[in-house]
Amino acid sequence: MSIATILLQALTAEQIQQRQDSIRAGAKMMIETAKSDPETFWQEVGKATLQFGVKVLAALLIFVIGILLIRWIQGVLKRAFERRSTEPTIASFVSSFVSISLTVLLIVISVSTLGVNTTSLAALLAAGGMAIGMALSGTVQNFAGGLMILAFKPFKAGDFIEALGQSGKVIEVNITATKILTVDNRVVILPNGALSNGTINNFNGRPLRRVEWTVSVSYGVDATACKAAILAIVNSDKRVLPPETDMDELYKELNISAYQLSTVSYRMDAIPAPFVALKSLNANDITFVVRAWVRADDYWDVFFDLQERFYTELPPQGFTFAYPHMDVTMLNK
């Protein structure tokens, strides 16, 4: 069913016929009055014109004042967003949405000031909205998803996220879709409807992250000495945060606002010390788990740098890495 068909169904055939008859009757009455009493006719025309002119002036005045008021509201919103350092995408969308909504309301008020019955106009707008909603159901779902993302802020522009089977840096969040830039420089567009209902892994959701490694060495090594060697490598990297870190100074350095720190589970009271423990006894080796805390921006650099240092610095100290092998014993008879 087309949009035009749905709009026409808002008015029944009987209503259309009644209006046509009313227009014919009014036109016939005006012609008869003009013939029988021209002076009275022109007086009525002048009076009606004057009344309509006053309504037009009132409608124009309301429209002009409304436009100025809308611009003032936009200015207030802009200043509020700047004070709170709101993400530009969110600020732009909210400002545009408020402006469009208030402008539509202002037009309806201005038209009603002219004496036009806005009931039919409202019915047409409602029918049109329903028709457009049915035709663009997927877009409406993405629109709603965009509102949820903008309201609850599971991520922002610049965050590295993993969602809908894709991972990358968020470069744009608009009302219907989110664009991410993958590590191999591809732009992937994720629909907000599915994104808001799916699982989102935000790697930059907190300013601090824990790095974890697993280090497997051969059986027979001194576990205590191996743990000490691993811990020495970890502590020697200045990017690894020590337990005596001043948290207030750290959050100040990272430019974390007091509002963010007041949210649930955002602030850490202290940094846990780097940790090494024997994790498992495997068929051919033993595995140590290593954990340390770093700034979120240092995560991958620290991970790869220390991974390489484990490989190059542990074997010279006698902690060799295991590999799958089989011992064969031959008996001479």
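Keep in mind that this is a model prediction, so the values were computed, not measured.

Topic: the layout of surface pockets
Looking at the largest pocket, its volume works out to about 1,300 Å³. Along the wall of the largest pocket there are 33 residues; nearest its centre are K153, K156, S257, Q260 and Y266. Counting only elements with at least two residues in the lining of the largest pocket, the list comes to α3 (38-83), α6 (137-152) and α10 (258-262). Considering only residue class, the lining of the largest pocket consists of 14 nonpolar, ten polar and nine charged. Quantified by volume, the second largest pocket comes out at close to 150 Å³. In terms of lining, the second largest pocket is formed by F160, F203, N204, R209, A296, D297, Y299 and W300. Taken together, the residues of the lining of the second largest pocket sort by class into five nonpolar, one polar and two charged.

Points about the environment of V221
You can see V221 is positioned in the loop between β6 (208-217) and α8 (223-235). For V221, a relative accessible area of 18% puts it in the buried group. Not counting residues up to four positions away in its chain, the partners in contact with V221 are I286, G318 and F319.

Considering the sheet that holds strand β8 (residues 286-295)
With antiparallel pairing, the three strands of this open sheet are ordered in space as β6-β8-β7. Edge strands, defined here as strands with exactly one partner in the open sheet, are β6 and β7 (275-281). Taken pair by pair, the neighbouring strands of this sheet meet at an average axis angle of 25 degrees, ignoring direction. By the bridge criterion, six bridges tie β7 to β8 in an arrangement that is antiparallel. Bridged to L281 within β8 is I286. Running at roughly 25 degrees to β8, α8 makes contact with β6, β7 and β8 of the sheet. Set on the sheet, helix α11 (residues 299-313) makes contact with β6 and β8; between it and β6 the angle comes to about 20 degrees.

Here we look at the side chain of D285
Among the secondary structure elements, D285 is positioned in the loop between β7 and β8. Notably, D285 is buried but unbridged: the nearest opposite-charge side chain belongs to K279, and the N-O separation is 11 Å. Non-local contacts of D285, meaning those with residues more than four positions away in its chain, are made with S216, V217, Y219 and A322.

Some thoughts on the packing of aromatic side chains
Under the counting rule described, the total for this entry stands at eight aromatic pairs. Ring geometry for W213 versus F310: centroids 5.8 Å apart, planes at 90 degrees, classification edge-to-face. Here W213, found in strand β6, pairs with F310, found in helix α11; they are 97 residues apart in sequence, far enough to count as distant. Within the aromatic cluster, the residues linked to one another by ring pairs are W213, Y299, W300, F303, F304 and F310.

Some details on α11
With 15 residues, α11 should reach 21 Å at 1.5 Å per residue; the first-to-last C-alpha distance of 21 Å fits that figure. Taken together, the buried positions of α11 are occupied by Y299, V302, F303, L306 and F310. Down the axis, α11 shows its buried residues gathered within 100 degrees of arc, on one side only. Away from its buried face, by an angle of more than 90 degrees, α11 presents the exposed residues E308 and Y311. Here the buried face of α11 lies against β6, α8 and β8.

Comments concerning the sheet that holds strand β5 (residues 200-202)
Strand order in the open sheet formed by five strands is β4-β3-β2-β1-β5, and the pairing between neighbours is antiparallel. Looking at which strands have only one partner, the edges of the open sheet turn out to be β4 (187-191) and β5. Sheet twist, expressed as the average angle between the axes of neighbouring strands with direction ignored, equals 40 degrees. Pairing between strand β3 (residues 177-181) and β4: five bridges, direction antiparallel. Bridging across to β4, T178 finds its partner in L190.

Quick word on unusual backbone geometry
Of note in this structure, N185 is not a glycine but carries a positive phi near 70 degrees. Inspection of the secondary structure assignment puts N185 in the loop between β3 and β4.

Reading guide: rules and limits
Residues numbered from 1 in each chain as written. Predicted model: local features only at pLDDT ≥ 70, side-chain atom pairs only at ≥ 80, totals over all residues. Heavy atoms only, no water. 1 Å grid on protein atoms, 1.4 Å probe; cavity = no way out; pocket = protein on both sides within 12 Å on 5 of 7 lines; lining within 4 Å. Points joined across faces, edges and corners; volume = space filled by probe spheres on them. Helix = DSSP H or I, 4+ residues; strand = E, 2+ residues; numbered from the N terminus. Nonpolar A, V, L, I, M, F, W, Y, C, P; charged D, E, K, R; others polar. Buried < 20%, exposed > 50% of the residue type's maximum accessible area, 1.4 Å probe, protein only. Contact = heavy atoms within 4.5 Å. Pairing = 2+ DSSP bridges. Axes fitted to C-alpha atoms, helices over the stretch in contact; angles between N-to-C directions. Lys, Arg positive; Asp, Glu negative; His and termini not counted. Salt bridge = Lys/Arg side-chain N within 4 Å of Asp/Glu carboxyl O. Phe/Tyr/Trp six-rings, centres within 6.5 Å; stacked < 30°, edge-to-face > 60°. Expected span 1.5 Å × (residues − 1). Arc of directions from axis to C-beta.

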